[in-house]
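# Chain and residue survey
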Amino acid sequence: MLSNSVSFRRTNGGVGAFVENVDLSEPLSPELVNTLKSGLGEHGVLFFRDQDIDADAHQAFAECLGNIDINRFFKPVDGYPKIAEVRKEPDQKYAIGEDWHTDHSYDQIPALGSILLARELPSRGGDTMFSNMYAAYEALSDGLKEVLDGLQANHSSRHRFGYQSTANKNSKDTGGRLGNPDLATQDAVHPVVITHPISGKKALYVNRAFTLGFVGWTEAESKALLDLLYNHASQPEFTYRFEWEPGSVAMWDNRATWHKALNDYHGERRLMHRITLEGEALYA
Ligand code: SIN
């Protein structure tokens, strides 16, 4: 398919664009792949509707964009070790990804982004929220930007996926969805404000799920400023709420956005398949 037929239609929220005239089940030309990559860098999240893709096509699409970064904590799809299941069963209370986060910020080389597709949706609810970290950064005062521009933050997976995490303590509720707590050891330090590797724009790079605090600051000092940033960056004007339909795909850039799964469909199943793409080291 030629990239000149593709178009991006911005959402009516603070982040993301719908991609039109793309069939992800077809092989994608290098030109089209480049168009999608720059669209991702620009809009932060790309949404596709009415796609009919099986697990092989999902994986082939991801591999056109880069190498796959296998999530070591999520259960993989049977027969597809590179595709992670994001599952919640009717008797489970906890949903994977229900706090604002960027995937894998606890890794020294954090993921570029993820491609999530809907396999089984509840009758209502189960939307995903996204927030724009370019716009959130841009809207800060020059004084606060100056403070943040010089800071680095510690990120970790231990408290989320390690033995001490609530999810793993309550293994009945996680119901085999998460595993490998012994691999929740890698911590990482990243700049608090990064220069996005594709767009060259500045983006805020801390998130509620995985950021522990600022390097050289006490826990209390870090908490006060992080809470301010989290409240700021989750304001409605920076966000978009994506309503899933059968055949919907969302592809986000972790360096430009946050996301969070809304856990408002208790008693019903929601099953998504996620492939995460390898990223690169991040710089201020
Ligand atoms: C995730 O956090 O990767 C999953 C988001 C979702 O299930 O909507």
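Since the structure is predicted, the reported quantities are computational estimates derived from the model, not experimental observations. (Residues numbered from 1 in each chain as written. Predicted model: local features only at pLDDT ≥ 70, side-chain atom pairs only at ≥ 80, totals over all residues. Heavy atoms only, no water.)

## What to know about the nonpolar core
In this structure, L148, V192, L204, V206, F214, L225 and L229 are the most contacted members of the largest nonpolar core, which totals 29 residues. If you list the elements that add at least two residues to this core, you get helix 3 (133-138), helix 4 (142-149), strand 10 (193-195), strand 11 (202-204) and helix 8 (219-233). With five residues, the single largest contributor to this core is helix 8. With 28 residues, the next largest nonpolar core counts F48, I68, V77 and I275 among its residues. (Core = buried A, V, L, I, M, F, W, Y, C linked by side-chain atoms within 4.5 Å. Buried < 20%, exposed > 50% of the residue type's maximum accessible area, 1.4 Å probe, protein only. Helix = DSSP H or I, 4+ residues; strand = E, 2+ residues; numbered from the N terminus.)

## A closer look at the side chain of N207
Mapped onto the secondary structure, N207 falls in the loop between strand 11 and strand 12 (211-214). A distance of 3.4 Å separates polar atoms of two side chains, one belonging to N207 and the other to T102. A distance of 3.0 Å separates a polar atom in the side chain of N207 from the backbone nitrogen of F210. If we ignore the near neighbours within four places in the chain, the residues touching N207 are W100, H101, T102, S105, H155, Y230 and W258. (Polar contact = N/O pair within 3.5 Å; in protein donor to acceptor, adjacent residues only side chain to side chain. Contact = heavy atoms within 4.5 Å.)

## Digging into the packing of aromatic side chains
Pairs of aromatic rings are described using the distance from one ring centre to the other and the angle between the two planes. Evaluation of the coordinates by the stated rule reveals 13 aromatic pairs. Considering the side-chain rings of F18 and F47, the 5.3 Å spacing of their centres and the 40° angle between planes classify their relative orientation as tilted. Of this pair, F18 sits in strand 2 (residues 17-20) while F47 sits in strand 3 (residues 45-48); the two residues are 29 residues apart in sequence, bridging distant segments of the chain. The class for F47 is buried, based on a relative accessible area of 0%. Taken together, the aromatic side chains of F18, F47, F130, Y240, F242, W244 and W252 make up a single cluster linked through ring pairs. Its end group placed over the ring of Y265, K88 keeps NZ or CZ at 4.4 Å from the ring centre. We note K201 situated over the ring of Y134; from NZ or CZ to the ring centre the distance is 4.4 Å. (Phe/Tyr/Trp six-rings, centres within 6.5 Å; stacked < 30°, edge-to-face > 60°. Lys NZ or Arg CZ within 6 Å of the ring centre and 35° of its normal.)

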